[in-house]
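# Coordinates in review
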Amino acid sequence: MNQDEMKKAVAKAAIDYIKPGMTVGVGTGSTANYFIDELAGIKGQIETTVASSEASAVRLKGHGIPVEELNMVSVIDVYVDGADESNKYLHLMKGGGGALTREKIVAAVSKQFVCIADESKLVDIMGEFPLPIEVIPMARSYVARELVKLGGQPAYREGFITDNGNVILDVHGLQIMNPVELEQTLNNIAGIVTNGLFAMRPADVLLLGTPGGVKTIT
């Protein structure tokens, strides 16, 4: 299987985690888009969905899948989303698509977080993919200086504004040995809205697409 076929395979496998009457959290990105397409096949069985981005909401509605604002639901039964990197502890790096803040909020509300990815996303040490950080625009330069102190090389994602009206700094050059600790450290820098480490609330299940089929990691 090529990479797209692996993404389609894990998206299809994730449907097994969706039960009748569930409220489903839906992520953002190419792999999540395949899941949305698969979810369309059982849309009559679910209660509703909560999207982590405007783009995903548009795609869901295009399939006739109901979408609800998060403030209107008390709990999400299952959240399905991709990742830019994952380690064996199911700590994730997310935000390549720029939806990290809403993705992290949806993950926090969810009973179960199912991550779907192709095998290239599983790494021993996170950080080869630049770490996305959503920043209040007025704090961009200050936050960048603080990130340099932590050993990172921040790059402003030019021409990109998040759904929340903020900017993204992509931090290169990090070897993330302790994702939980770094996530906490970044959370304490004034001006950072969210960082792309999902380690304090990791995935519960990783469905990994491989040439030999879908591998389940828990």
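Going by the structure above, here's the rest.
Residues numbered from 1 in each chain as written. Predicted model: local features only at pLDDT ≥ 70, side-chain atom pairs only at ≥ 80, totals over all residues. Heavy atoms only, no water.

## Overview of the pattern of salt bridges
- Under the counting rule described, the total for this entry stands at 10 salt bridges.
- A salt bridge links D37 to R59, with the nearest nitrogen and oxygen atoms 3.0 Å apart. Here D37, found in helix α2 (residues 30-39), pairs with R59, found in helix α3 (residues 54-62); they are 22 residues apart in sequence, far enough to count as distant.
- The class for R59 is partly exposed, based on a relative accessible area of 33%.
- Salt-bridge contacts for E54 lead to R102; the nearest nitrogen and oxygen are separated by 3.2 Å. Here the residue E54 occupies a position in helix α3, and R102 occupies one in helix α4 (residues 100-109), the gap between them amounting to 48 residues.
- Through salt bridges that share partners, D81, K94 and E103 make up one connected network. (Salt bridge = Lys/Arg side-chain N within 4 Å of Asp/Glu carboxyl O. Helix = DSSP H or I, 4+ residues; strand = E, 2+ residues; numbered from the N terminus. Buried < 20%, exposed > 50% of the residue type's maximum accessible area, 1.4 Å probe, protein only.)

## Digging into the packing of helix α1 (residues 3-14) against α2
- Where α1 meets α2, the axes come as close as 8 Å, and the angle between the chain directions of the two elements is 50 degrees. With respect to each other, α1 and α2 are oriented oblique. Note that α1 runs across α2; the crossing there is right-handed. Of the residues in α2, those in contact with D4, K7, K8, V10, A11, K12 and A14 of α1 are S30, T31, Y34, F35 and E38. (Axes fitted to C-alpha atoms, helices over the stretch in contact; angles between N-to-C directions. Parallel < 35°, antiparallel > 145°, perpendicular 65-115°, else oblique. Left-handed = near helix turned anticlockwise from the far one by under 90°. Contact = heavy atoms within 4.5 Å.)

## Let's talk about the sheet that holds strand β2 (residues 48-51)
- Strand order in the open sheet made by the 6 strands is β2-β1-β3-β6-β12-β13, with mixed pairing throughout. Every other strand in the sheet has two partners, leaving β2 and β13 (213-217) as the edge strands with one partner each. If you compare each strand with its neighbour and ignore which way they point, the axes differ by 20 degrees on average.
- Relative to strand β1 (residues 23-26), α2 is tilted by about 150 degrees, and along the sheet it contacts β1, β2, β3 (76-81) and β6 (110-118). (Pairing = 2+ DSSP bridges.)

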